[in-house]
Structure formats: C-alpha cells, structure tokens
Amino acid sequence: MIEVTRLNETKLLINAEQIETVEETPDTVITLLSGKKIIVKESRQEIQNLVILYKNKIFSQSLMFREP
C-alpha cells in the first residue's frame, strides 16, 4: 500500500498493485484496474517513487524469508 493525499488534504492508502495508469492533467489522476479514478496532490514522479519504494520493500522482505 502507498499513502497519497487527496485534494481536500485527506490521506488515503491505495494498493500499488492495482494502479493501471498515473497521469498529470495538470492534477495527478491515478486510474486503478477497476476503472476507479483518484485525484491526488502528489506528482506523477512522486507516485512512481512511492511504488518503487513499495516494490523494493516487498522484494527485500521476500528475500529475507526465503529458505536457503
């Protein structure tokens, strides 16, 4: 999950695995696989960085629990 901020300043956790597209039009619009759209304050680049951090965290945790 990544935390994003709606335009009204409320925080929201979204499943990074469900993100289909992120567009800046000029507001940042995240489209989920379900078709739902969420407008957030973070830039497209910030969302990309959050997703990369999330995936790195998941990947490193999976390596820690891997049997030798």
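Further up the page is the structure itself.
If you're wondering where the values come from, they're calculated on a predicted model, not measured in any experiment.

Student: Which residues make up the side chain of T5, and what values do they have?
Tutor: With respect to the element layout, T5 can be found in strand β1 (residues 2–5). The class of T5 is buried, set by a relative accessible area of 6%. Among the polar contacts listed, one links the side chain of T5 to the side chain of E42, at a separation of 2.9 Å.

Student: Can you explain the nonpolar core? Please cite residues and give values.
Tutor: Buried together is how nonpolar side chains tend to be arranged in soluble globular proteins. I2, V4, I14, I19, I30 and I47 are the most contacted members of the largest nonpolar core, which has 13 residues in total. Only β1, β2 (11–14), β4 (28–32), β5 (37–40) and α1 (44–64) provide two or more residues apiece to this core. No other element matches the 3 residues that α1 contributes to this core. Dropping the residues within four chain positions of it, I2 is found in contact with L12, L13, I14, A16, I19, I47, L50, V51 and Y54.

Student: So what about unusual backbone geometry? Which residues, and what values?
Tutor: Residue P26 follows T25 across a cis peptide bond; omega there is -5°. Tracing the backbone shows P26 in the loop between β3 (19–24) and β4. A positive phi angle is found at E9, which is not glycine, with a value near 75°. Among the secondary structure elements, E9 is positioned in the loop between β1 and β2.

Student: Please set out the pattern of salt bridges residue by residue, giving values where relevant.
Tutor: Enumeration over the complete set of coordinates arrives at 2 salt bridges. With its nearest N and O atoms 3.2 Å apart, the salt bridge here joins E17 to K55. Placement of the pair is E17 in the loop between β2 and β3 and K55 in helix α1, with a sequence separation of 38 residues. Looking at K55, the relative accessible area reads 38%, which means it is partly exposed.

Student: Help me get a handle on the environment of D27, residues and values and all.
Tutor: By the element assignment, D27 lies in the loop between β3 and β4. As for D27 and V40, which are separated by 13 residues in sequence, their C-alpha atoms are 7.1 Å apart.

Student: Which residues make up the pairing of β2, and what values do they have?
Tutor: Only one face of β2 is covered, namely the face carrying L12 and I14; the face carrying K11 and L13 is uncovered. Pairing between β1 and β2: 4 bridges, direction antiparallel. When the sheet's bridge partners are listed, V4 is paired in β2 with L12. Turn length for the β1-β2 hairpin, with the two strands adjacent in sequence and antiparallel, is 5 residues, and the turn residue E9 shows positive phi of about 75°.

Scoring rules and cut-offs
- Residues numbered from 1 in each chain as written.
- Predicted model: local features only at pLDDT ≥ 70, side-chain atom pairs only at ≥ 80, totals over all residues.
- Heavy atoms only, no water.
- Helix = DSSP H or I, 4+ residues; strand = E, 2+ residues; numbered from the N terminus.
- Buried < 20%, exposed > 50% of the residue type's maximum accessible area, 1.4 Å probe, protein only.
- Polar contact = N/O pair within 3.5 Å; in protein donor to acceptor, adjacent residues only side chain to side chain.
- Core = buried A, V, L, I, M, F, W, Y, C linked by side-chain atoms within 4.5 Å.
- Contact = heavy atoms within 4.5 Å.
- Salt bridge = Lys/Arg side-chain N within 4 Å of Asp/Glu carboxyl O.
- Pairing = 2+ DSSP bridges.

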